[in-house]
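Each chain, letter by letter, is given below.
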Amino acid sequence: MEEKNSEQKNSEDTINLVIARLKTIPSNVELSVGNEGSFSVEELIEKVKKQDDIGKKMIEMQLAYLRSLSKLPTQDLQNAPAAN
Amino acid sequence: MLLLLTRPRYDTPTHYLFYWAGLLIDEAKRRGVNFIDLNKSKANKKQLHSYLTKQPVDTVILNGHGSPEAVAGEKNEVILSVGNGTDLFKKRTIFVRACDAGAILGKEIMENGAKGFIGYIQPFIFPADRDCFNEPLKDELAAPVLECSNQIGLSLIKGKSATEAHKDSLVKYAKAIDKYSSSATVNSFLLPILLWNMTSQVCYQ
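About the criteria used
- Residues numbered from 1 in each chain as written.
- Chains lettered and ligands numbered in written order.
- Predicted model: local features only at pLDDT ≥ 70, side-chain atom pairs only at ≥ 80, totals over all residues.
- Helix = DSSP H or I, 4+ residues; strand = E, 2+ residues; numbered from the N terminus.
- Buried ≥ 20, exposed ≤ 12 C-beta atoms within 10 Å, placed from the backbone.
- Contact = placed C-beta atoms within 7 Å.
- Nonpolar A, V, L, I, M, F, W, Y, C, P; charged D, E, K, R; others polar.
- Pairing = 2+ DSSP bridges.
- Right-handed = clockwise from strand over helix to strand, strands pointing away.
- Expected span 1.5 Å × (residues − 1).
- Bend = angle between axes of the 7 residues up to and from the residue.
- Axes fitted to C-alpha atoms, helices over the stretch in contact; angles between N-to-C directions.

K.L.:
So what's going on with the overall build of chain B? Which residues, and what values?
P.N.:
Helix and strand content of chain B: six helices and 10 strands. Principal-axis analysis of the C-alpha atoms places the extent of chain B at approximately 50 × 35 × 35 Å. Evaluated residue by residue, chain B yields a buried proportion of 50% over its 205 residues. Contacts in chain B between residues at least 24 apart in sequence constitute 65% of all its contacts with a sequence separation of at least 6.

K.L.:
So what about the overall build of chain A? Which residues, and what values?
P.N.:
A tally of helices and strands in chain A yields four helices and two strands. Overall, chain A shows an N-to-C arrangement of helices and strands of α-β-β-α-α-α. Going through the 84 residues of chain A one by one, you find that 26% of them count as buried. Of the contacts formed within chain A by residues at least 6 apart in sequence, a portion of 36% connects residues at least 24 apart.

K.L.:
Give me the lowdown on the interface of chain B and chain A, citing residues and values where you can.
P.N.:
Listed by partner, the interface residues are 28 residues for chain B and 21 residues for chain A. Looking at the side of chain B that touches chain A, the elements that each hand over two or more residues are α1 (12-30), β9 (125-129) and α6 (190-200) of chain B. Looking at the side of chain B that touches chain A residue by residue, the class counts come to 16 nonpolar, nine polar and three charged. Here strand β1 (residues 29-33) of chain A runs beside β9 of chain B; their pairing, made up of five bridges, is antiparallel.

K.L.:
Please set out the pairing of strand β2 (residues 34-39) of chain B residue by residue, giving values where relevant.
P.N.:
Residue and element names in this part refer to chain B. Summarising the sheet, strand β1 (residues 2-7) and β2 pair through six bridges and their orientation is parallel. By the bridge assignment for β2, L2 is matched with N34. Once you follow β1 into α1 and on to β2, the crossover reads as right-handed.

K.L.:
Outline helix α4 (residues 143-157) of chain B, listing residues and values.
P.N.:
Residue and element names in this part refer to chain B. Over its 15 residues, α4 extends 20 Å from the first C-alpha to the last, a length consistent with the 21 Å expected when each residue adds 1.5 Å. Of all the bends found along α4, the most pronounced is centred on N150 and spans about 30 degrees. In terms of burial, α4 is largely enclosed, as 12 of its 15 residues are buried. Taken together, the buried positions of α4 are A143, P144, V145, L146, C148, S149, N150, I152, G153, S155, L156 and I157.

K.L.:
An account of α1 of chain B is requested, with residue identities and associated values reported.
P.N.:
A rise of 1.5 Å per residue sets the reference length of α1 of chain B, with its 19 residues, at 27 Å; its end C-alpha atoms lie 28 Å apart and thus fit the reference within 8%. Residues P13, T14, Y16, L17, F18, W20, A21, L24 and A28 of chain B constitute the buried set of α1 of chain B.

K.L.:
How would you summarise the environment of Y16 of chain B if you had to cite specific residues and measurements?
P.N.:
By the secondary structure assignment, Y16 of chain B is in helix α1. Look at Y16 of chain B and you get buried, because 25 C-beta atoms sit within 10 Å. For the pair Y16 of chain B and L137 of chain B, spaced 121 residues apart in sequence, the C-alpha separation works out to 8.0 Å. In this view, Y16 of chain B contacts S32 of chain A together with A128, P136, A142 and L146 of chain B; residues no more than four positions away in its chain are not counted.

K.L.:
Please provide a residue-by-residue account of the sheet that holds β1 of chain B, values included.
P.N.:
What links the strands of a sheet is backbone hydrogen bonding, and the strands pair in either a parallel or an antiparallel sense. Residues and elements named next belong to chain B. If you trace the six strands from one edge of the open sheet to the other, you get β2-β1-β3-β7-β8-β10, paired in mixed fashion. Two strands bound the open sheet, and with one partner strand each, they are β2 and β10 (201-204). Taking each pair of neighbouring strands and ignoring which way they run, the sheet shows an average axis angle of 10 degrees. In the packing of α4 onto the sheet, the strands contacted are β1, β3 (59-63), β7 (93-97) and β8 (116-120), and the crossing angle to β7 comes to about 160 degrees. Docked against the sheet, helix α5 (residues 162-181) engages β7, β8 and β10, running at close to 30 degrees with respect to β8.

K.L.:
Describe in detail the sheet that holds strand β6 (residues 78-81) of chain B, supporting the description with residues and values.
P.N.:
All names here are of chain B. Overall, antiparallel pairing links the three strands, which are arranged β4-β5-β6 in an open sheet. For this open sheet the edge positions go to β4 (66-67) and β6, each flanked by a neighbour on one side alone. Of the strand pairs in this sheet, strand β5 (residues 70-72) and β6 are connected by three bridges, and their pairing is antiparallel. Bridge pairing in β6 links A70 to S81.

K.L.:
Lay out unusual backbone geometry with the relevant residues and their values.
P.N.:
All names here are of chain B. Here K75, not a glycine, exhibits a phi torsion of approximately 55 degrees, which is positive. By the secondary structure assignment, K75 is in the loop between β5 and β6. A residue is classified by how many C-beta atoms lie within 10 Å of it, and K75, with 13 of them, is partly exposed. Phi at D100 is positive, roughly 65 degrees, even though this residue is not glycine. When you line up the elements, D100 lands in the loop between β7 and α3 (105-111).

Purely geometric stuff here, so don't read any function into it on its own.
In structure tokens:
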């Protein structure tokens, strides 16, 4: 049971992390996501919360980027930008 | 060299790709490369298959929406799909700028004798500034992503192989990622998008 709660918490943490990252996108920007169309930041955040297909892709994309940072040499990490 | 492009234009993503692929036509003109431009309503299955059957096309660049098994033209008409047209690319090089088509379609195109294939195994994602909708080529937020994918077309027009064009594009992505990783740069939100498209891009040769 504790393990299940931990998984849920991690999932919620991940969603909050992705939402925080999506909020760094300027409000005048839409993301074109293939066949699915173009979405505003607000729409993407809703999709991440619902974890629909587009939302899952956004989570996957942001986590892939964050994981890539862990592979950088330390000096590159020091030069990494703060969120806009 | 004879180049064939499809450039549907009926929604925001295809509107952008229409203009950005137009830069490839400009480059072809500068280099004296002959080209067939299947734009808007001409980006249909009948015309694509007819040109590929009758003309000595060397290089094909398809822009539009896609899936693992298919690519669409104008108004989302499927113009190429698994088992339907993948044998038209024998000894030809093809770049499919559409979502997911590298996953299954690209492999079948290669199995049917294509010289090289470049595409994506995930959705192709790019940002668009709403204020630039009428002038997509002036969209400074879309440019970093679309310039990197355009590099494939530019390299192919120069006569490079699929592998070389793919590598040229990856180098451009790496430079863009370096640029937007700089602490002095704004718009670091582009980084996950650049990395996503870079790692989703595949080349079979």
